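Structural description and commentary
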Amino acid sequence: GAGVSQTPSNKVTEKGKYVELRCDPISGHTALYWYRQSLGQGPEFLIYFQGTGAADDSGLPNDRFFAVRPEGSVSTLKIQRTERGDSAVYLCASSLSGSTDTQYFGPGTRLTVL
Amino acid sequence: GESVGLHLPTLSVQEGDNSIINCAYSNSASDYFIWYKQESGKGPQFIIDIRSNMDKRQGQRVTVLLNKTVKHLSLQIAATQPGDSAVYFCAETRGVSYGKLTFGQGTILTVHP
């Protein structure tokens, strides 16, 4: 597809479980971003990658959250020992390069932790 | 801490009216600002951006105004259409890490036919 895609679109898990969320950026985009959006709030920055490396991971809330982008394309956000407070929509975006290039967002993955 | 925007406000307008959506930011070091539109069930969609060395920028039916003195940003939509109904977010960033956008809480715009 032409846009950013995210899978799954919905994920329901139980407290304490491990989850992985996948993001496929727009082809050719070197920068990739993860955000989290709670109901009625704006997106909250988590991490962004320039190529394979994390350029800024200052938004990751704690060490239960980890993201990888091993080949500089697809990225996976990993959450260990999920908590109910992790329930949110996880948004991925990509841009042609970094800096002020426009970030194009995917539709998000809605994570529900029971 | 840093913040952009306030509690989620709403704006209702009639089709054809002009709409003005406001945003306050708190970090005086911010030097790049973006407006996004988000429809239900979708990710944010870029509308228009502005750098801190400008005070106005125009796009198609949209204008962004930046007042650095009072740290205020506004989005003007001309001849608002029902398809403009969505949540609008302002976001800011700065040179230390341009990839890190800080979003406000958004404004719900409802356009009545």
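Residues numbered from 1 in each chain as written. Chains lettered and ligands numbered in written order. Predicted model: local features only at pLDDT ≥ 70, side-chain atom pairs only at ≥ 80, totals over all residues. Heavy atoms only, no water.

Considering the overall build of chain A
Helix and strand content of chain A: zero helices and 11 strands. Ordered by position from N to C terminus, the α and β elements of chain A give β-β-β-β-β-β-β-β-β-β-β. Rg of the C-alpha trace for chain A: 13 Å, near the compact-globule value of 13 Å for 114 residues, within the 12% margin. Seen along its three principal axes, the alpha-carbon backbone of chain A occupies a region of about 35 × 25 × 25 Å. Counting all 114 residues of chain A, 48% fall into the buried class. (Helix = DSSP H or I, 4+ residues; strand = E, 2+ residues; numbered from the N terminus. Rg over C-alpha atoms; globule rule 2.2 N^0.38 Å. Buried < 20%, exposed > 50% of the residue type's maximum accessible area, 1.4 Å probe, protein only.)

Focus on the interface of chain B and chain A
Taken residue by residue, the interface counts 19 residues in chain B and 19 residues in chain A. Together, the buried faces of chain B and chain A total about 1500 Å²; carbon and sulfur atoms form 53% of this surface. Remark: the boundary between chain B and chain A carries zero salt bridges. Applying the counting criterion to the chain B and chain A interface returns 10 residue pairs in polar contact (both at pLDDT 80 or more). Here the side of chain B that touches chain A is composed, by residue class, of nine nonpolar, seven polar and three charged. (Contact = heavy atoms within 4.5 Å. Buried area = accessible area lost by both parts, 1.4 Å probe. Salt bridge = Lys/Arg side-chain N within 4 Å of Asp/Glu carboxyl O. Polar contact = N/O pair within 3.5 Å; in protein donor to acceptor, adjacent residues only side chain to side chain. Nonpolar A, V, L, I, M, F, W, Y, C, P; charged D, E, K, R; others polar.)

Examining empty space enclosed by the protein
Counting across every chain of the model gives one cavity of 30 Å³ or more. Taken as a whole, the largest cavity spans an internal volume of roughly 60 Å³. Lining the largest cavity, in full, are Ser99, Thr100, Asp101, Thr102 and Gln103 of chain A together with Tyr32, Ile34, Tyr36, Phe46, Tyr98 and Leu101 of chain B. The biggest single contributor to the lining of the largest cavity is strand β3 (residues 32–38) of chain B, with three residues. When grouped by side-chain class, the residues that make up the lining of the largest cavity number six nonpolar, four polar and one charged. (1 Å grid on protein atoms, 1.4 Å probe; cavity = no way out; pocket = protein on both sides within 12 Å on 5 of 7 lines; lining within 4 Å. Points joined across faces, edges and corners; volume = space filled by probe spheres on them.)

Comments concerning the sheet that holds strand β7 (residues 65–68) of chain A
Residues and elements named next belong to chain A. Strand order in the open sheet formed by four strands is β1-β3-β8-β7, with antiparallel pairing between adjacent strands. What marks the edges here is a single partner per strand, and that holds for β1 (5–7) and β7. Here the average twist between neighbouring strands, direction ignored, is 15 degrees. Of the strand pairs in this sheet, β1 and strand β3 (residues 19–24) are connected by three bridges, and their pairing is antiparallel. Counterpart to Thr7 in the pairing with β3 is Arg22. (Pairing = 2+ DSSP bridges. Axes fitted to C-alpha atoms, helices over the stretch in contact; angles between N-to-C directions.)

Remarks on unusual backbone geometry
Of the consecutive residues Thr7 of chain A and Pro8 of chain A, the connecting peptide bond is found in the cis state with omega at -10 degrees. Along the chain, Pro8 of chain A falls in the loop between β1 and β2 (10–13). Of note, Lys71 of chain B is a non-glycine position whose phi angle comes to about 55 degrees, a positive value. Mapped onto the fold, Lys71 of chain B is located in the loop between β6 (62–67) and β7 (72–77). Classification of Lys71 of chain B as partly exposed rests on a relative accessible area of 26%. With a phi close to 45 degrees, Ala79 of chain B is a non-glycine residue in the positive phi region. Along the chain, Ala79 of chain B falls in the loop between β7 and β8 (86–93).

Looking at the environment of Arg61 of chain B
All names here are of chain B. By the element assignment, Arg61 lies in the loop between β5 (56–58) and β6. Take Arg61: its relative accessible area is 31%, and that puts it in the partly exposed class. C-alpha separation for the pair Arg61 and Ser97, spaced 36 residues apart in sequence, amounts to 30 Å. Apart from residues no more than four positions distant in its own chain, Arg61 is found in contact with Gln76, Ile77, Ala78, Ala79, Thr80, Gln81 and Asp84. Within the local environment of Arg61, its side chain forms a polar contact with the side chain of Asp84, the two groups lying 3.0 Å apart.

Some details on the state of the cysteines
Applying the stated rule across the entire model yields two disulfides over all chains. Put simply, Cys23 of chain A and Cys92 of chain A are joined by a disulfide, and their sulfur atoms are 1.9 Å apart. Handedness here is read from the sign of the S-S torsion; for Cys23 of chain A and Cys92 of chain A, about -70 degrees, the answer is left-handed. With Cys23 of chain A in strand β3 and Cys92 of chain A in strand β9 (residues 88–95), this residue pair connects regions lying 69 residues apart in the sequence. Each member of the pair Cys23 of chain A and Cys92 of chain A is classed as buried. The disulfide bridge from Cys23 of chain B ends at Cys90 of chain B, spanning 1.8 Å between sulfur atoms. Taking the sign of the S-S torsion, about 50 degrees here, the bridge from Cys23 of chain B to Cys90 of chain B comes out right-handed. With Cys23 of chain B in strand β2 (residues 19–24) and Cys90 of chain B in strand β8, the pair connects residues that are 67 residues apart, well separated along the chain. (Disulfide = S-S within 2.5 Å.)

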